[in-house]
Every structure is written in C-alpha cells, then in structure tokens.
Amino acid sequence: MATDYDSPRKTDDDLGEDSLQELQARRTDKSSGSIDIDETDLAESLELPGADLSNEELSLRVIPRQADEFTCSRCFLVHHRSQLASEKGGQQICRECAA
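Labelled according to an unreviewed UniProt entry, the protein appears under the name DUF4193 domain-containing protein, originating from Thermostaphylospora chromogena.

Structure below.
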C-alpha cells in the first residue's frame, strides 16, 4: 500500500480524540478472531486435588533401571552415570543434589 506523505497527518492531540464508535469498532475487530471456549468442557477436564481416581486405570510401560544408571540417595530419581557427582559409603548423589 502506497503512503501519501503530502496528506495531513494526525498529531498527538488528534490521536487522543478518536471517537467512541471508532474505539469500539477496533475492540470488536480484535476480539472477533478469538475462539469461544465452552465452560462446561473446561470443567469436565479439570481434576481437583484429592479427587477419587480409584476407578481410573493408568497404562504406561515401566522400564527397570539399566546398568549405566543409578538412583540418587537424596532425590530418589534415576539418573545416567554421567550425572553422578559423588559416592560416599554407598550413597550415590546426583549433580543437581550436590550443587
């Protein structure tokens, strides 16, 4: 789009004097692209703390600890041997816990 540099430009005072109708039209144009979200869909997917999940079944595969991994004695997470910071008295500590 070409710009006509000879046309009169709005000053800072003119920008503050936009009509109410123009401002409302701009606001509705911006919000027209938004997606309406159904509140009931949000409520159904929301899990509250302490909810009864006894009838829910999880399906995930558990892989046993590998030969090149260790369990940190502080955070109890399984890490690769490259994350081993220290080993004292059989207590293996990862780099994150040692920091």
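Don't stop here, the text continues.
Colleague: I keep staring at the overall build of the protein and nothing clicks. Help me out?
Modeller: When helices and strands are tallied, the protein shows 4 helices and 4 strands. When the helices and strands of the protein are placed in sequence order, the string is α-α-α-β-β-β-β-α. Within the protein, the proportion of its 99 residues that are buried is 7%. Across the protein, every contact between residues at least 6 apart in sequence was considered, and the portion connecting residues at least 24 apart equals 6%. When the accessible surface of the protein is split by element, carbon and sulfur atoms take 51% of a total near 9,500 Å².

Colleague: Would you explain the pairing of strand β3 (residues 84-88) in this entry?
Modeller: Working note: regular strand, side chains alternate between the two faces of the sheet. Relative to strand β4 (residues 91-94), β3 is paired through 4 bridges, and the arrangement is antiparallel. Following the sheet pairing, Ser86 is matched in β4 by Ile93.

Colleague: What is the right way to read the side chain of Gln92 from this model?
Modeller: In this structure, Gln92 sits in strand β4. For Gln92, a relative accessible area of 15% corresponds to the buried category.

Colleague: For this particular structure, what's the right way to read a nonpolar patch on the surface?
Modeller: The grouping of Leu58, Leu60 and Val62 at the surface amounts to a nonpolar patch, some 390 Å² of accessible area in total. For Val62, a relative accessible area of 70% gives the class exposed.

Colleague: Explanation requested: the state of the cysteines in the structure shown.
Modeller: What makes a disulfide is a covalent bond joining the sulfur atoms belonging to two cysteines. If you walk through the whole model with that rule in mind, you get 0 disulfides. Cys94 forms no disulfide, and the closest cysteine sulfur to it belongs to Cys97, at a distance of 3.6 Å.

Colleague: Can you help me understand the side chain of His79 in this one?
Modeller: By the element assignment, His79 lies in strand β2 (residues 78-80). Look at His79 and you get buried, because its relative accessible area is 13%. Every residue in contact with His79, bar those within four places of it in the chain, is listed here: Asp68, Glu69, Phe70, Cys72 and Cys94.

Colleague: Mind showing me how you'd approach the environment of Cys97 here?
Modeller: On the secondary structure map, Cys97 appears in helix α4 (residues 95-98). You can call Cys97 partly exposed: its relative accessible area is 22%. Each C-alpha atom of the pair Cys97 and Ala85 lies 8.5 Å from the other, and the pair is 12 residues apart in sequence. Once residues within four sequence positions are removed from consideration, Cys97 is found in contact with Cys72, Arg74 and Cys75.

Parameters and conventions
- Residues numbered from 1 in each chain as written.
- Predicted model: local features only at pLDDT ≥ 70, side-chain atom pairs only at ≥ 80, totals over all residues.
- Heavy atoms only, no water.
- Helix = DSSP H or I, 4+ residues; strand = E, 2+ residues; numbered from the N terminus.
- Buried < 20%, exposed > 50% of the residue type's maximum accessible area, 1.4 Å probe, protein only.
- Contact = heavy atoms within 4.5 Å.
- Areas by Shrake-Rupley, 256 points an atom, 1.4 Å probe, with all protein chains shown as cover.
- Pairing = 2+ DSSP bridges.
- Patch = residues over 30% accessible without salt bridge, like charges linked within 9 Å, V, L, I, M, F, W, Y side chains within 5 Å.
- Salt bridge = Lys/Arg side-chain N within 4 Å of Asp/Glu carboxyl O.
- Disulfide = S-S within 2.5 Å.

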